[in-house]
Amino acid sequence: MQVKTNLLGMTREQLDAFFIELGEKKYRTKQLMQWVYQRQVVDFDQMTDFSKKLRDKLKEQASLDMPKVVLQDFSTDGTRKFVLELEGGNRVETVFIPEGQRGTLCISSQVGCALDCQFCSTGKQGFFRDLKASEIIAQVWIAAASFGVPENLGHRPITNIVLMGMGEPLLNFKATVDAMHVMLDDFAYGVSKRRLTLSTSGIAPKIRELAEHADVALALSLHAPNDELRDEIVPINKKYKIAEVLDACRYYLSKFSERKRVIIEYVLLDNVNDKIEHAHQMIELLKDFPCKINLIPFNPFPHAPYKRPNGQRIQKFKDILSQAGFVTTVRTTRGEDIDAACGQLVGQVEDKTRRSQEWQAAVWKKMNPNAESV
Ligand code: SAH
Ligand code: SF4
């Protein structure tokens, strides 16, 4: 039997080549991408501007395969979590977080992660496999489809996409880059390059390589102001030291004149990396480095060896950095009630009773406060 080509996740260039091979014109690429990503149609028979002959050819030779959604959970704060089951049975998670006019989708790039950061539940799980480009883009498709086709393409619920879910995106380089190109493509999601962020634990050579392939916002998971501490909590630091990683980030910025700074992520672990001396070391380390700092209070998970610092400690750390002139924000924890907060993603449908319906009713009530309950 002929193996069908999965067209999901293919870039514009790859689709052009596919259609040429099929004896078709390149403009089919635009039509197909619009059907799939903008009109959310994945059944070739519904693509009415394709001739019957072409639809038959596509059905015979191509597919638009999607992972199965095994759980869709809605938090009372509007956060939506999707657990997807991939071919082979592995699971990954995708989280949508609404914040005013903005809707951020946090997507995964691998099943598990090999880098074993001590504070990360994905890391503690170990590495299973890379996601394909189709599986990365499918996360966007599924989340977007949960809102239906927007009446006005200018008003899409997903405005921002961050590669901050499970996995290290730069260790699944090609699939991640291809999927990002589809996200940015005007024929598909047309996400602004300012609103697509790749977060990395600091794979220095891959950050440099990325500069040749994609112009997106870069976030660096720093988490410690010196190599000794970073070696301990982010073990990849033993291979790529802080100075080397910061240099790679500078190189990345130098390639894109519009990119002014890197986002530094810093998970705050009680009494480990949140001391006053650490804040001062951060100031020294980053004094000439163009960045803004995003502090992430640690999100606990079962058997985690760390605690979240109290509000006072978090505020103190932030104040020291802000007073030194760094734009510093503290990430508010979202979706905790559905285990969708940073670092809590493990791809498991928990044992607990399915709360979906209850939560959906609660969310509905929240959005329609004056209505009678459903
Ligand atoms: N592998 C990439 C992207 C995925 S992790 C990276 O490390 O950057 C995305 C972000 O979530 C990282 O900044 C990571 O440090 C943070 N994170 C992981 N576990 C966390 C936890 N338990 N609490 C808070 N943030 C966490
Ligand atoms: Fe992997 Fe990122 Fe988790 Fe580290 S923080 S284990 S790099 S997913």
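For clarity, every value in this text was computed on a predicted model and none was experimentally measured.

**Brief notes about the site of ligand 1**
In the neighbourhood of ligand 1, 19 residues make up the surrounding shell, with Phe119, Gly167, Ser199, Ser221 and His223 lying closest. Within the backbone of Gly167, a nitrogen or oxygen atom sits 2.9 Å from a nitrogen atom of ligand 1. At a separation of 2.6 Å, an oxygen atom of ligand 1 approaches a polar side-chain atom of Ser199. Alone, ligand 1 offers 540 Å² of accessible surface; in the complex the protein occludes 96% of this. Mapped by element, the contributors of at least two residues to the shell around ligand 1 are β10 (196–200) and β12 (262–268).

**Focus: the packing of aromatic side chains**
In total, this model carries seven aromatic pairs according to the counting rule given. Ring plane angle 65 degrees and centroid distance 4.9 Å describe the contact between Phe96 and Phe147, whose orientation is recorded as edge-to-face. In this pair, Phe96 is assigned in strand β5 (residues 91–99) and Phe147 in the loop between α5 (133–145) and β9 (160–163), connecting sequence segments 51 residues apart. Here the aromatic rings of Phe298 and Phe301 are separated by 6.1 Å at their centres, their planes lie at 65 degrees, and the arrangement is edge-to-face. You can call Phe301 buried: its relative accessible area is 14%. Through a chain of ring-to-ring contacts, three or more aromatic side chains come together here, namely Phe298, Phe301 and Tyr306. The lysine or arginine in question, Arg12, covers the ring of Phe187, its NZ or CZ lying 3.7 Å from the ring centre. It is Arg80 that lies over the ring of Phe147; its NZ or CZ is 4.0 Å from the centre.

**Here we look at the pattern of salt bridges**
For the coordinates displayed, the defined rule picks out 25 salt bridges. A salt bridge links Asp56 to Lys59; the nearest nitrogen and oxygen atoms lie 3.7 Å apart. Placement of the pair is Asp56 and Lys59 together in helix α3 (residues 52–61), with a separation of three residues, close to one helical turn. Owing to a relative accessible area of 31%, Asp56 belongs among the partly exposed residues under this scheme. A relative accessible area of 32% places Lys59 in the partly exposed class.

**A word on helix α6 (residues 173–184)**
Between its first and last C-alpha, α6 extends 16 Å over twelve residues, near the 16 Å set by a 1.5 Å rise per residue. Burial within α6 is extensive, with nine of its twelve residues counted as buried. Listed as buried for α6 are Phe173, Ala175, Thr176, Val177, Asp178, Ala179, Met180, Val182 and Met183. Of the surrounding elements, those touching the buried residues of α6 are α1 (12–21), α2 (27–38), α5, β9, β10 and α7 (204–210).

**Some words on the layout of surface pockets**
Looking at the second largest pocket, its volume works out to about 450 Å³. In terms of lining residues, the second largest pocket is bounded by 27 residues, among which His155, Arg156, Pro157, Ile158 and Thr159 are the most central. For the lining of the second largest pocket, the secondary-structure elements that each account for two or more residues are α2, β5, β6 (102–106) and α5. When residues are assigned to domains, the lining of the second largest pocket turns out to be shared by domain 1 (5–65) and domain 2 (68–338), each giving three or more.

**Considering the packing of α5 against α6**
Helix packing for two helices is described by the angle between their axes and how far apart those axes are. Interhelical geometry of α5 versus α6 gives an angle of 40 degrees and a closest axis separation of 8 Å. In this structure, the crossing between α5 and α6 has a hand that is right-handed. Between α5 and α6, the contacting residues are Ala133, Ile136, Ile137 and Val140 on the first element and Ala175, Thr176, Asp178, Ala179, Val182 and Met183 on the second. The class makeup of the residues in the contact of α5 with α6 is eight nonpolar, one polar and one charged.

**Things to note about the site of ligand 2**
Taken together, Cys113, Leu115, Asp116, Cys117, Cys120, Gly123, Gly167 and Ser201 form the complete shell of residues around ligand 2. Looking at side-chain class alone, the shell around ligand 2 contains four nonpolar, three polar and one charged residues.

**Comments concerning the environment of Ala211**
Looking at where Ala211 falls in the secondary structure, it is placed in the loop between α7 and β11 (217–221). Distance from Ala211 to Lys255, taken between C-alpha atoms, is 6.5 Å for residues 44 residues apart in sequence. Apart from the residues within four sequence positions on either side, Ala211 is in contact with Tyr251, Tyr252, Lys255 and Phe256.

**Comments concerning helix α11 (residues 311–323)**
Between its terminal C-alpha atoms α11 stretches 18 Å, which fits the 18 Å expected from 13 residues at 1.5 Å a residue. Turning to α11, the residues buried within the fold contact β12, α10 (276–285), β13 (291–297) and β14 (328–330). Put simply, Asn310 is the residue that caps the front of α11, since its side-chain oxygen is 3.1 Å from the backbone nitrogen of Gln312. One or two residues past the end of α11 sits Gly325, with phi positive at roughly 100 degrees.

**Let's talk about the sheet that holds β6**
Spatially, β3-β4-β5-β6-β9-β10-β11-β12-β13-β14 is the arrangement adopted by the ten strands of the open sheet, whose pairing is mixed. Here the strands that pair on one side only, and so sit at the sheet edges, are β3 (68–74) and β14. Averaged over all pairs of adjacent strands, the angle between strand axes in this sheet comes to 20 degrees, irrespective of strand direction. As judged from the five bridges shared by β5 and β6, these two strands associate in the antiparallel manner. Looking at the pairing, Glu99 lines up with Arg102 of β6.

**Details of the state of the cysteines**
What the rule picks out here adds up to zero disulfides. Distance from the sulfur of Cys249, which forms no disulfide, to the nearest cysteine sulfur (Cys291) is 9.9 Å. Note on Cys249: relative accessible area 0%, which makes it buried.

Conventions adopted
Residues numbered from 1 in each chain as written. Chains lettered and ligands numbered in written order. Predicted model: local features only at pLDDT ≥ 70, side-chain atom pairs only at ≥ 80, totals over all residues. Heavy atoms only, no water. Near = heavy atom within 4 Å. Polar contact = N/O pair within 3.5 Å; in protein donor to acceptor, adjacent residues only side chain to side chain. Areas by Shrake-Rupley, 256 points an atom, 1.4 Å probe, with all protein chains shown as cover. Helix = DSSP H or I, 4+ residues; strand = E, 2+ residues; numbered from the N terminus. Phe/Tyr/Trp six-rings, centres within 6.5 Å; stacked < 30°, edge-to-face > 60°. Buried < 20%, exposed > 50% of the residue type's maximum accessible area, 1.4 Å probe, protein only. Lys NZ or Arg CZ within 6 Å of the ring centre and 35° of its normal. Salt bridge = Lys/Arg side-chain N within 4 Å of Asp/Glu carboxyl O. Expected span 1.5 Å × (residues − 1). Contact = heavy atoms within 4.5 Å. 1 Å grid on protein atoms, 1.4 Å probe; cavity = no way out; pocket = protein on both sides within 12 Å on 5 of 7 lines; lining within 4 Å. Points joined across faces, edges and corners; volume = space filled by probe spheres on them. Domains from an automatic or database assignment. Axes fitted to C-alpha atoms, helices over the stretch in contact; angles between N-to-C directions. Left-handed = near helix turned anticlockwise from the far one by under 90°. Nonpolar A, V, L, I, M, F, W, Y, C, P; charged D, E, K, R; others polar. Pairing = 2+ DSSP bridges. Disulfide = S-S within 2.5 Å.

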